[in-house]
Amino acid sequence: MEFNLADLFESVVDAVPDREALVYIDHPGTGAERRLTYSGLDAAANRLAHHLARSGIAPGEHVGLHLYNGVEYLQTVLACLKISAVPVNVNYRYVEDELVHLYRDADLAALVFDAEFTGRVAAALPRTTRLRHLIRVGAAPDGVRGPGIPVVPFAEAEASGPAGRGFGPRSADDRFIIYTGGTTGMPKGVIWRQEDLFFSGMGGGAPTGEPVSRPEELAERAAASGEGLVFFPAAPLMHGTSTLTAFIAFHFGQKVVIHRKYLPEEVLRTVQREKVTSVSLVGDAMLRPLVDALAGPLKDTDCSSLFSVSSSGAILSGTVRDQFGALVPHAVLLNNFGSSESGFNGTATDDTGQDKAFRLRVNSRTTVVDPATLKPVAAGEPGRIAQRGRVPLGYYNDPRKTAETFFEADGARWVLLGDMATVDEDGVVTVLGRGSQCINTGGEKVYPEEVERTLKAHPDVYDALVAGVPDEKWGSRVSAVVQVREGAAAPTLEDIQTHCRARLAGYKIPRGLVIAQRIQRSPSGKADYRWARAVAAEGRG
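About the thresholds
- Residues numbered from 1 in each chain as written.
- Predicted model: local features only at pLDDT ≥ 70, side-chain atom pairs only at ≥ 80, totals over all residues.
- Heavy atoms only, no water.
- Helix = DSSP H or I, 4+ residues; strand = E, 2+ residues; numbered from the N terminus.
- Buried < 20%, exposed > 50% of the residue type's maximum accessible area, 1.4 Å probe, protein only.
- Salt bridge = Lys/Arg side-chain N within 4 Å of Asp/Glu carboxyl O.
- Patch = residues over 30% accessible without salt bridge, like charges linked within 9 Å, V, L, I, M, F, W, Y side chains within 5 Å.
- Areas by Shrake-Rupley, 256 points an atom, 1.4 Å probe, with all protein chains shown as cover.
- Arc of directions from axis to C-beta.
- Contact = heavy atoms within 4.5 Å.

It is worth spelling out the environment of His239 at this point. Checked against the element boundaries, His239 lands in the loop between strand 10 (230–233) and helix 9 (240–252). A relative accessible area of 15% means that His239 is categorised as buried. Placed 60 residues apart in sequence, His239 and Tyr179 show a C-alpha to C-alpha distance of 8.2 Å.

Applying the stated rule across the entire model yields 42 salt bridges. The residue Glu220 makes a salt bridge to Arg214 at a minimum N-O spacing of 2.9 Å. For Glu220, a relative accessible area of 41% puts it in the partly exposed group. When its relative accessible area of 37% is taken as the criterion, Arg214 is described as partly exposed. Between Lys275 and Asp302 there is a salt bridge; the shortest N-O distance is 3.8 Å.

A grouping of Phe307, Val332 and Leu334 is seen on the molecular surface, where their side chains present a nonpolar patch of about 260 Å² in accessible area. Its location among the elements puts Phe307 in the loop between helix 11 (283–295) and strand 13 (308–311). Since its relative accessible area comes to 55%, Phe307 is described here as exposed.

Next up on the list: helix 15 (residues 493–501). Since there are 3.6 residues in each turn of an α-helix, residues three or four apart along the chain are aligned in direction. When helix 15 is considered as a whole, its buried residues turn out to be Ile496, Gln497, His499 and Cys500. Around the axis of helix 15, the buried residues are gathered within 160° of arc, so they sit on the same side. Turned more than 90 degrees from where helix 15 packs its buried face, Glu494 and Arg501 sit exposed. Considering only its buried residues, helix 15 is in contact with helix 14 (448–456), strand 25 (461–471) and strand 27 (512–516).

So, on to unusual backbone geometry. Note: most peptide bonds trans; most residues except glycine with negative phi. With a phi close to 60°, Ser84 is a non-glycine residue in the positive phi region. Along the chain, the position of Ser84 falls in the loop between helix 3 (71–82) and strand 4 (86–89). Look at Ser84 and you get buried, because its relative accessible area is 11%. Here the phi dihedral of Asp410 falls at roughly 55°; this positive angle occurs in a residue that is not glycine. Within the fold, Asp410 resides in the loop between strand 20 (406–409) and strand 21 (412–423).

Quick look at the structure:
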């Protein structure tokens, strides 16, 4: 047995077959709910895996998941892993050109998609070359042109395969691809060896403790731990954070709860009903609505079971953290830092405040390096965050970007992240922001994230993004796009500047302000800076 994700999952299934593994809840009011034990989820994944293999999907071929959250999503990931095929996440917000790029760039051989996306799949398919097998979840929609090749209903695909295993050998070298990006350019596929992903992205079976030293130890720990933990990845599974969270729960032999879509009030009702102990989400865009619901219509929700709430992929502002802490004081709020290219890097320090720098205590494999020399920077000097050891192999189909991002030094593999930072004498890392989003105004560098944290501390600001707008004198000027808190008066540019002046250097203060009805973000809460730049440049929301 190796550190292969399918082998590890099956070992836990065999150790705790009757434990509840997965609870799926559809839209409220529909009554749609599914509950599967570990043995039930394993059998469902086996059936689909046999169908894929019999349909000609070979080890190493890529299978796209163009799906909302559902049992079918995790079932398909597991099915791919069982036959050594490679699961590939597809952002369900993508439209035709973006889908064509991803389908082609990822060399998809098969695609599992929700019926709602039939029209988009049909539009993109003629411009792909390798995609030959389609599986549709749900009934074909009326009046929508279908793809030009046969489509197998998911239920039929699942029913066609036996529930037993009987698969070929697997390896720790089997691949897992996570597509990332799309807010600053076309998406890129990050290629992970499964063993490396298990340790860097899933904590090696113990994210807060000692990782397992041998594969068999995972099931031994799961059997010995008992039940009681309930993990709720609230963000879409199409984003790496939620899928990895689900696997972390599986490795503990515990229960995973998922919703089809993110509805804050329903999340709170599920926390109460299912006695959820851990919620994972992404940034203020997901936590703030929970805070509003807890402070308003659902103020009597029983959250006593909740032990922790973690955010990764977007920084939680101090304002929202403080509000949540006042409402659920017993829960630990973890402001984590990581990426598809590195897995987990570290957690924010307790003194990261509402308008202060984002400071991290990082793991021993993370440091800040000079991007020119790739050597660690001196304390206080700016550089880029890098991680060594168990890192991805590179970007799929992109040797140029791979060479820019991944390197070898001192006998170890490294990944150079896009985040600029400094490190102090105690090893605490201060994140400045994404280098690709840095605004150069009159020769001074402004990182949008720092200004956004300050804006979100304004009592009338619900959400904000910051972008650079072309300026004849300064090259670029800082402009803010703001969503106003419900019931509050829209602040003026002068109000915003006065608020920022006590907290930021003068060159960082916004020179432009656009009030938007709603800040556009990805379904997981990540910033859409392309949209922000366009809105800021037009001067209207």
